[in-house]
Amino acid sequence: TFNVPTLLLMIVLASGLMALAMVTVAWGERHEGLQFWAAGLGINALAYVFFGLRGAISEPLSIVLGNGLTSVALIYMLAAVLRFHGRALHWPLLWLPALLLSVALLLLLEHFQLRVVVASLVLAGQSAAILVALYTRRRSTIGRGVLLVMAGMGMAVLVMLLRTVAGFTGTLNAESFLQGSALQGLTFVTTFAVSLVASLGFVFMTKERADEANRRLAALDELTGVANRRSIIAALDRDVGRAIRTRESMAVMMVD
């Protein structure tokens, strides 16, 4: 049995604290998308505050703002990935899913099952867009952090598709939102895991890129791309050691 209010509180704390940590790391540094991802986490935390206030505030406010802000959070996470890869940000197109979802939820306030289906499909589509953006550039992305982000987004897509099926079949009902049903528990546990796994993965992506850039700066001349003195000596140490072990001769040609 899941205690849904506790899970919602954990999501708010995890998203908020991770956002604060990422802002601290990204402060004054080169913009690699960390600021956008941190903004997405902060907005996600706010969205789950509205979800947790279901029953204490008006339902339209909780439903529309909660789901709308969740969509906006995914918008900023997609923007972070696009910025990381140096791609253009077309904000009107990026904001379209959140606007359409908010309007749809306002029109479907009295139709719980349809609300679940529409919201789940939109959020699944946005998570899939992040997954596709990462997958198409995976070969040019250094390190394994991208795999963590892809795994997180993949989990989010699967859970949203499960909620879509539940909406079609009538498994969920309006009274079960803050109750510990299996699907609600799975949804919020997955959201908690995704906020941690995907965010750590994105931090690793930026770190691994910086490490690779530093490695290149340490080994290659910045102007010509030719190996510098440090990397030449390292290569000579390696090859001389190999020649001694294999008792083979070696030659070095110096060209000025």
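The residue numbers shown here count from 1 along each chain, following its written sequence. Residue-level local features of this predicted model are given only where pLDDT is at least 70; pairs of side-chain atoms are given and counted only at 80 or more, and the full residue set underlies all totals for whole chains, interfaces and linings. To obtain the side-chain values, all non-hydrogen atoms of the structure were used and water was disregarded.

Numbered from the N terminus, helices here are DSSP runs of H or I no shorter than four residues, and strands are runs of E no shorter than two. Summing up its helical and strand segments, the chain has 8 helices and 0 strands in all. All radius of gyration figures rest on C-alpha atoms, and the globule criterion is 2.2 Å times the number of residues raised to 0.38. By the compact-globule yardstick of 18 Å for 256 residues, the chain is too spread out, its C-alpha radius of gyration being 24 Å. Taking the principal axes of its C-alpha atoms as reference, the chain extends roughly 80 × 35 × 30 Å. Within the span of the chain, comprising 256 residues, buried residues form 42% of the whole. If you take every contact in the chain between residues at least 6 apart in sequence, the share linking residues at least 24 apart comes to 69%. For the chain, the exposed area adds up to about 14400 Å²; of that, 67% sits on carbon and sulfur atoms. For the purpose of counting charges, residues Lys and Arg are taken to be positive, whereas Asp and Glu are taken to be negative. His and the chain ends are not included. Note that the charge is assigned to NZ on lysines, CZ on arginines, CG on aspartates and CD on glutamates. Side-chain charges in the chain split into 20 positive and 14 negative, and the spacing between the mean points of these groups amounts to 4 Å. Categorising residues by exposure relies on relative accessible area from a 1.4 Å probe, with only protein chains included: less than 20% of the type maximum marks a residue as buried, more than 50% marks it as exposed, and the intermediate range marks it as partly exposed. Any two residues whose heavy atoms approach within 4.5 Å are treated as being in contact. Here the open area of atoms and residues is found with the Shrake-Rupley method and a 1.4 Å probe, where only the protein chains shown may cover a residue.

Basic side-chain nitrogens of Lys or Arg form a salt bridge, by our definition, when they fall within 4 Å of a carboxyl oxygen of Asp or Glu. Applying the stated rule across the entire model yields 4 salt bridges. Ionic pairing is found between R242 and D239, a salt bridge with its closest N-O pair at 2.7 Å. Of the two residues, R242 and D239 both sit in helix α8 (residues 229-246), 3 residues apart, roughly one turn of that helix. By relative accessible area, R242 is classed as partly exposed at 40%.

With that settled, consider the nonpolar core. One recurring pattern in soluble globular proteins: nonpolar side chains tend to sit buried together. Only buried residues count toward a nonpolar core. Its members are Ala, Val, Leu, Ile, Met, Phe, Trp, Tyr and Cys residues joined through side-chain atoms within 4.5 Å. Membership of the largest hydrophobic core comes to 57 residues, with the highest contact counts inside it found for M22, W37, Y48, I130, L134 and F202. Core analysis: the second largest hydrophobic core is formed by 5 residues, F112, V116, L172 and L183 among them.

Like-charged residues are merged into a patch within 9 Å and nonpolar side chains (Val, Leu, Ile, Met, Phe, Trp, Tyr) within 5 Å, provided each residue has over 30% relative accessible area and no salt bridge. On the surface, I232, L236, V240, I244, M250, V252 and M254 cluster together to form a nonpolar patch covering roughly 690 Å² of accessible area. Topologically, I232 is positioned in helix α8. By relative accessible area, which is 43% here, I232 ends up partly exposed.

As a further point, take the confidence of the model for the chain. Confidence per residue, as judged by the predictor, is encoded in pLDDT with a range of 0 to 100. With 95% of its residues at a pLDDT of at least 70, the chain reaches an overall mean of 90. Mean pLDDT across the elements of the chain ranges from a minimum in helix α7 (residues 182-219), with 89, to a maximum in helix α4 (residues 91-107), with 95.

This part is about unusual backbone geometry. In this structure, R247 is a non-glycine residue whose phi angle is positive, near 55°. For R247, the location among the structural elements is in the segment after α8.

Once that is clear, we can look at the packing of helix α3 (residues 59-84) against α4. Where α3 contacts α4, the axes come no closer than 9 Å and their chain directions differ by 165°. Comparing their axes, α4 and α3 come out roughly antiparallel. Handedness of the α3/α4 crossing: right-handed. Contact residues: I63, V64, N67, G68, S71, V72, I75, Y76, L78, A79 and L82 in α3; W91, L94, W95, P97, A98, L101, S102, L105 and L106 in α4. A per-class count over the contact of α3 with α4 returns 16 nonpolar, 4 polar and no charged. For helices, the fitted line uses only the C-alpha atoms of the stretch in contact; every axis is such a line through C-alpha atoms, and the angle between N-to-C directions lies from 0 to 180 degrees. An angle below 35 degrees is read as roughly parallel, one above 145 as roughly antiparallel, one from 65 to 115 as roughly perpendicular, and any other as oblique. Handedness of each helix crossing follows the sense of rotation of the near helix against the far helix: counterclockwise by less than a right angle gives left-handed, clockwise gives right-handed. Side-chain classes are defined by residue name, with Ala, Val, Leu, Ile, Met, Phe, Trp, Tyr, Cys and Pro counting as nonpolar, Asp, Glu, Lys and Arg as charged, and the others, Gly among them, as polar.

What follows deals with the packing of α4 against helix α5 (residues 112-136). At a closest axis distance of 10 Å, the pairing of α4 and α5 adopts a crossing angle of 175°. Judged on the interaxial angle alone, α5 and α4 are roughly antiparallel. Every residue of α5 that contacts α4 at P97, L101, A104 and L105 is listed here: R115, V118, A119, V122, L123 and Q126. Its residues assigned to classes, the contact of α4 with α5 shows 8 nonpolar, 1 polar and 1 charged.

Here the focus is the side chain of T190. If you trace the backbone, T190 turns up in helix α7. A relative accessible area of 10% places T190 in the buried class. In this view, T190 contacts M155, A156 and V159; residues no more than four positions away in its chain are not counted.

Relative to the elements of secondary structure, R115 occurs in helix α5. For the buried R115, which has no salt bridge, the nearest side chain bearing the opposite charge is E59, at an N-O separation of 4.9 Å. When sequence neighbours within four positions are dropped, the list of residues in contact with R115 reads I63, L105, L108, L109 and E110.

To pair, rings of Phe, Tyr and Trp, with the six-membered ring standing in for Trp, must have centres within 6.5 Å; the planes then decide the type, stacked if under 30 degrees apart, edge-to-face if over 60, and tilted in the middle. The tally for this structure, following the rule as stated, stands at 8 aromatic pairs. Measuring from ring centre to ring centre gives 4.8 Å for W37 and F202, while their planes differ by 15°; the resulting arrangement is stacked. On the criterion of sequence distance, the pair formed by W37 in helix α2 (residues 34-52) and F202 in helix α7 is long-range, its members being 165 residues apart. Per residue, the accessibility class of W37 equals that of F202, and both read buried. The interplanar angle of 85° and the centroid separation of 6.1 Å between the aromatic rings of Y48 and F188 together place this pair among those described as edge-to-face. Remark: F188 occurs in helix α7 and Y48 occurs in helix α2; sequence separation between them is 140 residues. Accessibility expressed as a relative area gives 7% for Y48, which makes it buried. For F188, a relative accessible area of 4% gives the class buried. These aromatic residues form a ring-pair network of at least three members: F36, Y76, W91 and W95. Here, a charge over a ring is recorded when the distance from Lys NZ or Arg CZ to the ring centre is within 6 Å and its angle to the ring normal is within 35 degrees. A cation sits over an aromatic face here: R138 above Y135, 3.9 Å from the ring centre. Sitting over the face of the ring of F84, R209 holds its NZ or CZ atom 3.8 Å from the ring centroid.

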